[in-house]
Amino acid sequence: MSIILPKLPAAPVCLSEINSCPSSEQELIQTAAALHGTPLLLLDCDIIRRQYRALRQALPEAAAHFALKPLPHPAVVKTLLQEGANFDLATNGEVDLVQELGVPGEKTIHTHPIKRDSDILHALLYGCTVFVIDNLNELEKFIPYRHEAELLIRLSFRNADAYSDLSKKFGCSPEGAIELIQHAHRLGIYIKGLSFHVGSQTADPQKYVTAIHTCGEVFRRVTELGLPKLNTLDIGGGFPVHYIDQVLAIQEFCAPIREALAEFPESVDVISEPGRFIVAPAVISVASVMGQAERDGKTWYYLDDGVYGSFSGTIYDHAVYPVEAFCKEGEELYPSVLAGPTCDSIDVIAEDIMLPKLNNGDLVIGRMMGAYTAATASEFNFFPKAKIVVLNEPLDMMP
Ligand SMILES: *Cc1c(COP(=O)(O)O)cnc(C)c1O
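Starting from 1, residues in each chain are numbered consecutively following that chain's sequence as written. pLDDT decides what is reported in this predicted model: residues at 70 or higher carry local features, side-chain atom pairs at 80 or more are listed and counted, and totals for whole chains, interfaces and linings draw on all residues regardless. Each side-chain value is worked out from all heavy atoms of the structure, with water and hydrogens disregarded.

## Notes on unusual backbone geometry
For step 1, the next point in the chain: For the bond running from Thr-38 to Pro-39, omega is 0°, close enough to zero to count as cis.
For step 2, the next point in the chain: Examined against the element boundaries, Pro-39 turns out to sit in the loop between helix 1 (22–36) and strand 1 (40–44).
For step 3, the next point in the chain: At Met-368, a residue that is not glycine, the phi angle is positive and equals roughly 55°.
For step 4, the next point in the chain: Within the secondary structure layout, Met-368 lies in the loop between strand 15 (363–366) and strand 16 (387–391).
For step 5, the next point in the chain: The buried label goes to any residue with under 20% of its type's maximum accessible area, the exposed label to any with over 50%, and the partly exposed label to all in between, with areas taken from a 1.4 Å probe on protein chains only. Exposure remark for Met-368: the relative accessible area of 14% places this residue in the buried category.
For step 6, the next point in the chain: You will see that Phe-382, though not glycine, has its phi angle at about 65°, which is positive. Numbered from the N terminus, helices here are DSSP runs of H or I no shorter than four residues, and strands are runs of E no shorter than two.

## Some words on the packing of aromatic side chains
For step 1, the next point in the chain: Centre distance within 6.5 Å is the pairing criterion for rings of Phe, Tyr and Trp, where only the six-membered ring of Trp is used; planes under 30 degrees apart are then read as stacked, over 60 as edge-to-face, and the remainder as tilted. Applying the stated criterion to the full structure yields 11 aromatic pairs.
For step 2, the next point in the chain: Ring plane angle 85° and centroid distance 5.1 Å describe the contact between Phe-219 and Phe-264, whose orientation is recorded as edge-to-face. Here the residue Phe-219 occupies a position in helix 8 (residues 206–224), and Phe-264 occupies one in the loop between helix 9 (250–261) and strand 9 (269–272), the gap between them amounting to 45 residues. The pair Phe-219 / Phe-264 is uniform in exposure class, with both members buried.

## Looking at a nonpolar patch on the surface
For step 1, the next point in the chain: Patch members must show over 30% relative accessible area and no salt bridge, and they are joined within 9 Å when carrying like charges or within 5 Å when they are nonpolar side chains of Val, Leu, Ile, Met, Phe, Trp or Tyr. Shrake-Rupley sampling with a 1.4 Å probe provides the accessible areas, and residues are treated as covered by the protein chains on show and by no other component. By definition here, a salt bridge exists when the distance from a side-chain nitrogen of Lys or Arg to a carboxyl oxygen of Asp or Glu is within 4 Å. A grouping of Ile-315, Tyr-316 and Ile-346 is seen on the molecular surface, where their side chains present a nonpolar patch of about 310 Å² in accessible area.
For step 2, the next point in the chain: Assignment of secondary structure puts Ile-346 in the loop between strand 13 (334–339) and strand 14 (348–355).

## Side note on the site of the ligand
For step 1, the next point in the chain: The ligand sits among 14 residues. The nearest are Lys-69, Ser-200, Glu-273, Arg-276 and Tyr-372.
For step 2, the next point in the chain: Contacts to the ligand include Asp-88, whose side-chain N or O atom sits 3.2 Å from a nitrogen atom.
For step 3, the next point in the chain: N or O atoms within 3.5 Å of each other form a polar contact, as long as, within protein, one can give a hydrogen and the other can take it, and as long as residues adjacent in sequence are counted only when both atoms are side-chain atoms. Separating a nitrogen atom of the ligand from a side-chain N or O atom of Glu-273 is a distance of 2.5 Å.
For step 4, the next point in the chain: In the complex, the protein chains occlude 92% of the 380 Å² of accessible area that the ligand would expose alone.
For step 5, the next point in the chain: In this classification, Asp, Glu, Lys and Arg are treated as charged, Ala, Val, Leu, Ile, Met, Phe, Trp, Tyr, Cys and Pro as nonpolar, and every other residue, Gly included, as polar. Here the residues of the shell around the ligand sort into 3 nonpolar, 6 polar and 5 charged. Throughout this document, a residue counts as near a molecule or strand when at least one of its heavy atoms sits within 4 Å of that molecule or strand.

## Considering the domain arrangement of the protein chain
One frequent convention defines the size of an interface as the accessible area lost when the parts assemble.
For step 1, the next point in the chain: According to the domain assignment, the protein chain consists of domain 1 (2–44 + 283–397) and domain 2 (46–279).
For step 2, the next point in the chain: Domain boundaries shown here were taken from an automatic or database domain assignment. Each of domain 1 and domain 2 has a C-alpha centre, and the two are 33 Å apart.
For step 3, the next point in the chain: Note: buried area is the sum, over both parts, of the accessible area (probe 1.4 Å) each one loses when the two are combined. Approximately 2,200 Å² of surface area, both sides summed, lies buried where domain 1 meets domain 2, with 61% of it carried by carbon and sulfur atoms.
For step 4, the next point in the chain: A per-residue breakdown of the area domain 1 buries against domain 2 is headed by Met-368, Tyr-372 and Pro-394, which together make up 25% of the total.
For step 5, the next point in the chain: The interface formed by domain 1 and domain 2 holds 2 salt bridges in total.
For step 6, the next point in the chain: When the shortest N-O distance is used, the salt bridge between Arg-276 and Asp-317 registers 2.8 Å.
For step 7, the next point in the chain: In this assembly, domain 1 and domain 2 are joined by 8 residue pairs in polar contact (both at pLDDT 80 or more).
For step 8, the next point in the chain: Contributing elements (two or more residues each) for the side of domain 1 that touches domain 2: strand 1 and strand 16.
For step 9, the next point in the chain: When the residues that make up the side of domain 1 that touches domain 2 are grouped by side-chain class, the tally is 17 nonpolar, 5 polar and 4 charged.

As structure tokens, then:
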């Protein structure tokens, strides 16, 4: 017996444009699920391009270094390399990935504030020479590499409102930074500038503005003290995307940041490290209903992907993803629960969601699934991770 699969649509379909072409998006998703099985993550490189260009346009003074951490996938790196992006690395695995794809070392910075000597050496051998530190112990690790490495000092700005406050674990105070710069000067280590991360999915651009002003004060203090001038300001990642709650459009979001950056002389290189903003909208998850039960007046649907898989960001990233099922015009909706496949009760994706009546095998779609999803998924209970299917992949530049 043979199964006849529908053909993939000939023209590339943009997943973001659901309203303009809902039927072709549905067809694409169903075709992909039939071809590859579920769970799936559909990664659309056209959206990666669109997001990168939108950020570059909104913040033209800051060269964007894509932070690999939220979605370290080769197709993302290839797409962004063709767009002219730079890269923000934090681990040996990330160094190896960009190296294999032919990213030149000088297009990268290494921003993990805590590294082993072997990590520093690994990055240097690749050709990455800019590193981040935030304490004396780390500074001293660079004594042997003072002729090759240049350092940024990371400042801490706490942010309780972000999805993930990245200043609890890392960063020093402005006074601490000045002490480190003085110490580095005595050791003959070159401090290039300052960096910070205001927290991932930061809704309020004023967090950047405050941090930029504080960095400006440190720049001036360093000059007053007669130390070598700082020439780089790294404003980190954190740029927000629209999950359930509306956020400012990127152009509007960046306007006050640009204004704050204007206080720095043109000789200062400004860079950013966007992660989530580039990849979050580029991925749609596709899961299937494995089974169902009525509990407390709601229908529970058990999917083949969940909190231990692609929806791991529900826990680690504190994210809530827009999820939906295909339904016909005017179809009745019922209070439903979407749960993952594992035997653990924490494995619930959505508790209060209105859905049409679903059959076993029906598809459930998650949107904005590109950042901190596949990257933190596990295979708990031996449920395999979702397969990533790449759409609109860049053509290889090398023969
Ligand atoms: C995670 C991380 C990023 C990316 O942050 P987003 O909020 O995803 O943009 C950038 N820089 C550093 C140092 C990070 O740890």
